[in-house]
Amino acid sequence: LHILSACCSHDAFVVQYAMRESLPPQVLAQIVEEESALSNTGSCGNNATGSADIAVVTMALLIRLILHWDHRQVLSFFSPKIREDGTVEPNVANVDHNFPEVDPSSVCRVASAAFLWNCDKGDPESNDDASTTNGNGSGDTRVPRAALDLLSAWTAADLDALDAASEACAGISSSSSSSSSSYVKASHHRITPEEIRQMKPRQVAAHRKREAEYRNANLQRAIRHTSMFCSKETGGLDHMLTCAARAKDHRLRREVGLQIGRLVSNLEEGDDVKKLVASALGCADWKVGSDKDGKSNLNKELHKLTIEELDGDDEEKDEVDKEEKTTEEDEEGKLPKKLLQTMKRGQLTASLLIGKPEVGTWALKCGWSNGNGVSELKDLISSNDPRAMSIASEIVSAASSVESSRPLLSALVEEGTLEDLLIHPDADVRSGAASCAAKIGLASKALSEDRGEVMGLLDVAIELLFDETEQGNDIAPAANENALSAMKKLPTSSNRFPETESTSMDRGIEVMAYLAAKTFVKEELASGYAPEGSPPGRKTALQRLVEIACAPNSGDAQMAYGLAGIFNLLSVSVETLRKEAFVGKEITKEQYDQLQALGKTEEEKEAAAKKDETEGDTPAAVSERIRKLANANVPRAIVKLLEGSNSDATQEKLLEGMNRMASESSVRGLMIQQGCLSTCLNMDKGVSRQRLCLLSIFPLSLGNLYLLIGTLGEAK
């Protein structure tokens, strides 16, 4: 399998030796299904156990076949040359337009089997080697993670998604003898501004039309694949939700949830998503809440559904709950069926809130168990099961990001239900509630202007950064007290990760990125702030951020963009950000301020002027803050993130932050000593056709890079 995976990296080998007749995808599906079955039976005393290595490399081979077909499609669209009159040459050598696609049913079988890896009869006490995480029963989490990469490749909807799948394929099969391929990146076919200037108008129009046709064709294919895999008949969505609900590895659960969100985001119409997920949500009618006749119609429908359900099940409910808790839990050592079902519906709602926010709000309000979503969310919080409470934490965190779903959380806050999440010993559970508190707090104007409450949220965010290194330590008392106080004021309307990466740190950085927009928070962080009651000898918040950024593989971690955003905000003033927001707009900041002033009274103008004075984010204050950041090795942290990052958006944000720091001439020497200039020069040498393509997406990327080289070079 390794040999085959390496050979299938080359286009010519696939065409000659690995077509459907020679290497049927059904055979690969059978291999993974057999290994998955062995992994489940082997944990029950059977000597035969499924091999995670075999399952993973089989999926890597299947991904290579999928990518090969995808790249053939890219070539068939973009290889024909466009003449000056806008017509396209009909014949292209070495491109077969009838090249068969990988069998969709085989892909569904492979992914479904992988998500069921060791889920049914896992033994939580089994020994896992150091390279795996005990996240899915006793199973090796590399298998479900490989399935996530497989789905990413199979449902790639554009050139960038296709390139990301290619990189994931190289990572998943890194143990093979070759991870290179004979084809270039799909984004190579995106024309640069320089090429556009050299083309005739009809050529440009023909190329734009070709790009649109490719996007539409690929999107339709992604929609078909998503609909097929998530359908009730295939059962793929249910298997993903089962994997997420039973996973003890919080990061695996979150990765599965994010993938579900990405899958449903392929569907453009909200009604199509509702039809697809209604059964999994336990919704009898996906049209509920969609009528335009008004609120009374919705309440009437929900009332009818609720009464029908209670009348039919009340007599059996207690017996079913007792039976599940006494038999199924004892038999499998896992979860009662009712709780498992609630967790799956909750996980799906969280994914919808991320991928399709408007559908996620509908699910939380109307779709989840026919309108009982908030009630079942409370059941998850009160279950005392860390996995169920983790899902509940993810729901409240995602819901607080969506304006239309925030009012649904008001009942939980008023009743104090969320306090159970904030004081839970599991960092992942705690972090979601803290993230929810920060988002709701900043969304409330009165609360966001209360310095004491904001600092309380900052304390919670800082504690989340240390949770993985201080297991068993409670959050500083002041942090919990302030966060709970803030929430009670809510208005009533596949690779191993670095040791510094965890879901709690992700959310801690997310919360801090929200709070770092406040000037007094910037000043506190730059001055070495630590929460009151912190253990002696603990690093400050800024030192911890630098430590996380400098950890191995941190640049390629999910939290890298959040770190880049924090360092960026710390080195810029609010006034500068406001001015930049008006760049390219039809109105300037000064004109906008004048228009706003026309509608204000004298008292309001005086209050606004007083607020600007107390904000204190002056150029002198920014310069002093930048000097503190440089002395705290922030430039070195940015360099480490740049060296490890493969994300264009993250690199753009890091270069922008480095550029802001270089505006202070007194720190340029420190920046050079910490590697900024050499890193920029190395990036400049690596500017290729693919990087030039970024000009159409991130027009400031190379500008920031060259400005940095000039500024730091002059300083040197």
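Computed from a predicted structure; not experimentally measured.

Cut-offs used in this document
- Residues numbered from 1 in each chain as written.
- Predicted model: local features only at pLDDT ≥ 70, side-chain atom pairs only at ≥ 80, totals over all residues.
- Heavy atoms only, no water.
- Helix = DSSP H or I, 4+ residues; strand = E, 2+ residues; numbered from the N terminus.
- Buried < 20%, exposed > 50% of the residue type's maximum accessible area, 1.4 Å probe, protein only.
- Areas by Shrake-Rupley, 256 points an atom, 1.4 Å probe, with all protein chains shown as cover.
- Axes fitted to C-alpha atoms, helices over the stretch in contact; angles between N-to-C directions.
- Parallel < 35°, antiparallel > 145°, perpendicular 65-115°, else oblique.
- Contact = heavy atoms within 4.5 Å.
- Nonpolar A, V, L, I, M, F, W, Y, C, P; charged D, E, K, R; others polar.
- Salt bridge = Lys/Arg side-chain N within 4 Å of Asp/Glu carboxyl O.
- Phe/Tyr/Trp six-rings, centres within 6.5 Å; stacked < 30°, edge-to-face > 60°.
- Lys NZ or Arg CZ within 6 Å of the ring centre and 35° of its normal.
- Core = buried A, V, L, I, M, F, W, Y, C linked by side-chain atoms within 4.5 Å.
- Polar contact = N/O pair within 3.5 Å; in protein donor to acceptor, adjacent residues only side chain to side chain.
- Patch = residues over 30% accessible without salt bridge, like charges linked within 9 Å, V, L, I, M, F, W, Y side chains within 5 Å.
- Lys, Arg positive; Asp, Glu negative; His and termini not counted.
- Charge placed at Lys NZ, Arg CZ, Asp CG, Glu CD.
- Left-handed = near helix turned anticlockwise from the far one by under 90°.
- pLDDT = per-residue confidence, 0-100.

Turning our attention to the overall build of the chain. Along the backbone of the chain there are 37 helices and 2 strands. Residues counted as buried form 51% of the 716 residues belonging to the chain. Accessible area for the chain stands at about 32400 Å²; split by element, carbon and sulfur atoms hold 49% of it.

The next point concerns unusual backbone geometry. For Asn553, which is not glycine, the phi dihedral falls at a positive 65°. Its place among the elements puts Asn553 in the loop between helix H26 (541-549) and helix H27 (560-570). Here the phi dihedral of Asn633 falls at roughly 70°; this positive angle occurs in a residue that is not glycine. The topology assignment puts Asn633 in the loop between helix H31 (619-631) and helix H32 (634-644).

Bringing the packing of helix H4 (residues 52-78) against helix H6 (residues 142-154) into the picture now. Two numbers describe how H4 lies on H6: the axes approach to 9 Å, and their chain directions differ by 5°. Between H4 and H6, the interaxial angle falls into the category roughly parallel. Residues Ala52, Asp53, Ala55, Val56, Met59, Leu62, Ile63, Ile66, Leu67 and Asp70 of H4 lie in contact with H6, whose contacting residues are Arg142, Val143, Ala146, Ala147, Asp149, Leu150, Ala153 and Trp154. Taken together, the residues of the contact of H4 with H6 break down into 14 nonpolar, no polar and 4 charged.

Another aspect to go through is the pattern of salt bridges. If you walk through the whole model with that rule in mind, you get 24 salt bridges. Two residues, Glu415 and Lys378, come together in a salt bridge whose shortest N-O distance is 3.1 Å. With Glu415 in the loop between helix H18 (410-414) and helix H19 (419-422) and Lys378 in helix H16 (residues 373-381), the pair connects residues that are 37 residues apart, well separated along the chain. Glu415 sits in the partly exposed class, given a relative accessible area of 49%. Using a relative accessible area of 24% as the deciding quantity, one classes Lys378 as partly exposed. In this structure, the salt-bridge partner of Lys653 is Glu656, at a minimum N-O distance of 3.8 Å. One end of the pair is Lys653 and the other is Glu656, both in helix H33 (residues 648-662) and 3 residues apart, which spans about a single turn. Look at Lys653 and you get partly exposed, because its relative accessible area is 23%.

Tallied over the full model, the rule gives 3 aromatic pairs. A ring pair is formed by Phe13 and Tyr17, whose centres lie 5.1 Å apart and whose planes are at 40°; its orientation type is tilted. Here the residue Phe13 and the residue Tyr17 both occupy positions in helix H2 (residues 11-17), the gap between them amounting to 4 residues, near one helical turn. Overall, the relative accessible area of 47% leaves Tyr17 in the partly exposed class. Summarising the aromatic geometry, the rings of Phe77 and Tyr214 are spaced 5.4 Å apart at their centres and angled 75° between planes, so their arrangement reads as edge-to-face. Note that Phe77 is positioned in helix H4 and Tyr214 in helix H9 (residues 201-230), a separation of 137 residues in sequence. For Tyr214, a relative accessible area of 3% translates into the label buried. Clustering of aromatic rings is evident, with ring pairs tying together Phe77, Phe78 and Tyr214. Directly above the ring of Phe466 sits Arg538, whose terminal nitrogen or CZ lies 4.2 Å from the centroid. For the cation-ring pair, Arg544 lies above Phe466, with the distance from its terminal atom to the ring centre recorded as 5.5 Å.

Another aspect to go through is the nonpolar core. With 71 residues, the main nonpolar core has Met59, Phe115, Leu150, Phe229, Met240 and Leu352 as its most contacted residues. Counting residues per element, this core draws most heavily on H4, which supplies 12 residues. Once residues within four sequence positions are removed from consideration, Leu352 is found in contact with Val264, Val273, Val277, Leu281, Pro357, Val359, Gly360 and Ala363. Judged by nonpolar contacts, the second largest core, of 54 residues, contains Ala461, Ala564, Ala662 and Met671.

A separate point is the environment of Cys230. Along the polypeptide, Cys230 turns up in helix H9. On the accessibility criterion, Cys230 (5% relative accessible area) is buried. As for Cys230 and Ile260, which are separated by 30 residues in sequence, their C-alpha atoms are 9.2 Å apart. Setting aside chain neighbours within four positions, we find Cys230 in contact with Leu237, Leu263 and Leu276.

Our focus in this paragraph is the side chain of Ser351. Tracing the sequence through the fold places Ser351 in helix H14 (residues 337-355). Beyond its immediate chain neighbours, meaning those up to four positions away, Ser351 contacts Gly257, Ile260, Gly261 and Lys356.

Moving on, we come to the environment of Arg387. Along the polypeptide, Arg387 turns up in helix H17 (residues 386-399). Here the alpha-carbon distance between Arg387 and Leu335, two residues 52 residues apart in the chain, equals 9.9 Å. A distance of 3.4 Å separates a polar side-chain atom of Arg387 from the backbone oxygen of Arg246.

Take Thr650: it is sitting in helix H33. By relative accessible area, which is 6% here, Thr650 ends up buried. Each residue touching Thr650, except ones within four places of it in the same chain, is listed here: Ala560, Tyr561, Ala564 and Ser645.

Take the environment of Phe466 next. Residue position: Phe466 is located in helix H22 (residues 451-466). Phe466 sits in the buried class, given a relative accessible area of 5%. Residues Phe466 and Ala427, spaced 39 residues apart in sequence, show a C-alpha to C-alpha distance of 9.5 Å. Look past the residues within four positions of Phe466 in its chain and what remains in contact with it is Arg538, Lys539, Thr540 and Arg544.

A grouping of Leu1, Leu4 and Ile54 is seen on the molecular surface, where their side chains present a nonpolar patch of about 190 Å² in accessible area. Note on placement: Ile54 falls in helix H4.

A word on a negative patch on the surface. A cluster of acidic side chains, namely Glu268, Glu269, Asp271 and Asp272, defines a negative patch on the protein surface. Relative to the helices and strands, Glu269 is located in the loop between helix H11 (250-265) and helix H12 (270-281).

Put simply, H14 and helix H15 (residues 357-367) touch, their axes get as near as 5 Å, and they point 150° apart. The orientation of H14 relative to H15 falls into the category roughly antiparallel. Here H14 and H15 pass one another in a crossing that is left-handed. Across from Thr349, Leu352, Leu353, Ile354 and Gly355 in H14, the residues of H15 making contact are Pro357, Val359, Gly360, Thr361, Ala363 and Leu364.

A word on the confidence of the model for the chain. Across the chain, pLDDT averages 76, with 73% of residues at or above 70. This stretch, residues 43-47, has a pLDDT under 50; its non-local contacts, to residues over four places away or in other chains, come to 7 contacts. Confidence drops under a pLDDT of 50 for residues 175-182, and excluding neighbours within four residues, the segment shows 15 contacts in the predicted structure.

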